[in-house]
Amino acid sequence: MAIPGELRIVDDVPAAFAACVVDAFARRPAEQFSLALSGGDTARACYERLAVDGAAAIDWWKVDVYWGDERCVPHDHVDSNYRLAREALLDRVGAANATHLMRCEEGPDPYQLRLGELGRIDVVHLGMGPDGHTASLFPDSEALDADPGRLVAMNDDPTGANPYRRMTLTFAGIARARLAVVTVAGAAKAEALAAVAAGADLPAARIDAEAVLWLVDAEAAAALDRA
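Below: a short report on this structure. (Residues numbered from 1 in each chain as written. Predicted model: local features only at pLDDT ≥ 70, side-chain atom pairs only at ≥ 80, totals over all residues. Heavy atoms only, no water.)

1. Here's the deal with the overall build of the chain
- When its secondary structure is counted, the chain shows six helices and 10 strands.
- For a compact globule of 227 residues, the expected C-alpha radius of gyration is about 17 Å, and the chain comes in at 16 Å, within 12% of that figure.
- For the chain, contacts bridging at least 24 residues in sequence account for 79% of all contacts bridging at least 6.
- Split by element, the accessible area of the chain, about 9,700 Å² in all, is 48% carbon and sulfur.
- Seen as two clouds, the 21 positive and the 35 negative side-chain charges of the chain have centres 4 Å apart. (Helix = DSSP H or I, 4+ residues; strand = E, 2+ residues; numbered from the N terminus. Rg over C-alpha atoms; globule rule 2.2 N^0.38 Å. Contact = heavy atoms within 4.5 Å. Areas by Shrake-Rupley, 256 points an atom, 1.4 Å probe, with all protein chains shown as cover. Lys, Arg positive; Asp, Glu negative; His and termini not counted. Charge placed at Lys NZ, Arg CZ, Asp CG, Glu CD.)

2. Thoughts on the state of the cysteines
- Applying the stated criterion to the full structure yields one disulfide.
- The disulfide bridge from C72 ends at C104, spanning 2.1 Å between sulfur atoms. Between C72 and C104, the S-S torsion sits near -85 degrees, and that sign places the bridge as left-handed. Here C72, found in the loop between β4 (69-71) and α3 (81-93), pairs with C104, found in the loop between β5 (98-99) and α4 (109-118); they are 32 residues apart in sequence, far enough to count as distant.
- Judged by its relative accessible area of 18%, C104 is buried.
- We note that C20 lacks a disulfide partner, and the nearest cysteine sulfur, in C46, lies 10 Å from it.
- For C46, a relative accessible area of 0% gives the class buried. (Disulfide = S-S within 2.5 Å. Buried < 20%, exposed > 50% of the residue type's maximum accessible area, 1.4 Å probe, protein only.)

3. Quick word on the side chain of T170
- Along the chain, T170 falls in the loop between β8 (166-169) and α5 (171-174).
- Within the structure, the side chain of T170 is placed 2.5 Å from the backbone oxygen of R150, a separation counted as a polar contact.
- Once residues within four sequence positions are removed from consideration, T170 is found in contact with L137, A146, R150, L151, V152 and A153. (Polar contact = N/O pair within 3.5 Å; in protein donor to acceptor, adjacent residues only side chain to side chain.)

4. A look at the sheet that holds strand β2 (residues 33-37)
- Across the sheet, which stays open at both edges, the seven strands sit in the order β1-β10-β9-β6-β2-β3-β5 with parallel pairing between neighbours. Since the sheet does not close on itself, it has two edges, and those belong to β1 (6-9) and β5, each with one partner.
- Examined bridge by bridge, strand β6 (residues 121-126) and strand β9 (residues 177-184) share five bridges and lie parallel to one another. Bridge pairing links V124 to A180 in β9.
- Packed on one face of the sheet, α3 meets β2, β3 (63-67) and β5 and runs near 145 degrees to β3. (Pairing = 2+ DSSP bridges. Axes fitted to C-alpha atoms, helices over the stretch in contact; angles between N-to-C directions.)

5. Regarding helix α6 (residues 190-197)
- Among the eight residues of α6, six are classified as buried, and the element is accordingly described as predominantly covered.
- Within the sequence span of α6, burial applies to A190, A192, L193, A194, V196 and A197.
- Contact partners of the buried residues in α6: β10 (212-216).
- Where α6 ends, the next residue or the one after it, G199, has phi of about 95 degrees, a positive value.

6. A closer look at the pattern of salt bridges
- Throughout the structure, instances matching the rule amount to 14 salt bridges.
- With a shortest N-O distance of 3.5 Å, R44 and E87 are connected by a salt bridge. Placement of the pair is R44 in helix α2 (residues 41-53) and E87 in helix α3, with a sequence separation of 43 residues.
- In this structure E87 comes out as partly exposed when scored by relative accessible area, which is 27%.
- Within this structure, R44, R83, R86, E87 and D91 form a network of salt bridges that share partners. (Salt bridge = Lys/Arg side-chain N within 4 Å of Asp/Glu carboxyl O.)

7. Some points on the packing of aromatic side chains
- In this structure the tally under the stated criterion is four aromatic pairs.
- Seen in terms of ring centroids, F25 and F33 are 5.5 Å apart; in terms of plane orientation they differ by 80 degrees. Their pairing is edge-to-face.
- Looking at F25, the relative accessible area reads 5%, which means it is buried.
- The residue whose ring lies beneath R28 is F25, and the NZ or CZ to ring-centre distance is 4.0 Å. (Phe/Tyr/Trp six-rings, centres within 6.5 Å; stacked < 30°, edge-to-face > 60°. Lys NZ or Arg CZ within 6 Å of the ring centre and 35° of its normal.)

8. Focus: the environment of D156
- Structurally, D156 is set in the loop between β7 (152-155) and β8.
- Classification of D156 by relative accessible area gives partly exposed; the value is 33%.
- Sequence separation between D156 and P4 is 152 residues; the distance between their C-alpha atoms is 24 Å.
- Among all residues touching D156, those that are not within four sequence positions of it are F138, S141, Y164 and R165.
- In terms of polar contacts, D156 uses its side chain to reach the side chain of R165, at 2.2 Å.

Printed below as a string of structure tokens:
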């Protein structure tokens, strides 16, 4: 298989994700812990579970929250990844030490500088779309070819299937992660996952980090026997 990193087929993706973050927090190399969040229905379920399982296991005042991507909408918009994270996680655990929002109106440079100062990100959470995109790195989009020194970029889906302009980590930004956790759930993702495993040139196939872990449910893994 060409899937980058370790693939685990699990019964409960949100539970596996929460356990992974709790473990990463316990093993963190510094006092503070950095966590970059994602968006989408699977991410929401993961954060709701993390809010429960991590309530006592994680000292949230030692957690600095970042985002892997954000839609260029107001932060209270229903499609904002920040709003999703706030509702599913941050409000439930009583906030965190710091929340570093992506602000499209500022452009990518301030976030680039912040990540440059941070150095490594302990955990970057990613998903994968049915088209094989991850973060807001879409097939045939400009940010796929970002300069290696560019950690954050503005990007669009050239097909228009994924609306809104985006701010996103580039592959170089994702590679700053000590651990990238990719959560994939549901039959709608099965063909894309099989394509990644077969070596297709999809964005999700280019994920790289110190360690990469794919947490996949049985429905999403259903086509892997053809890869």
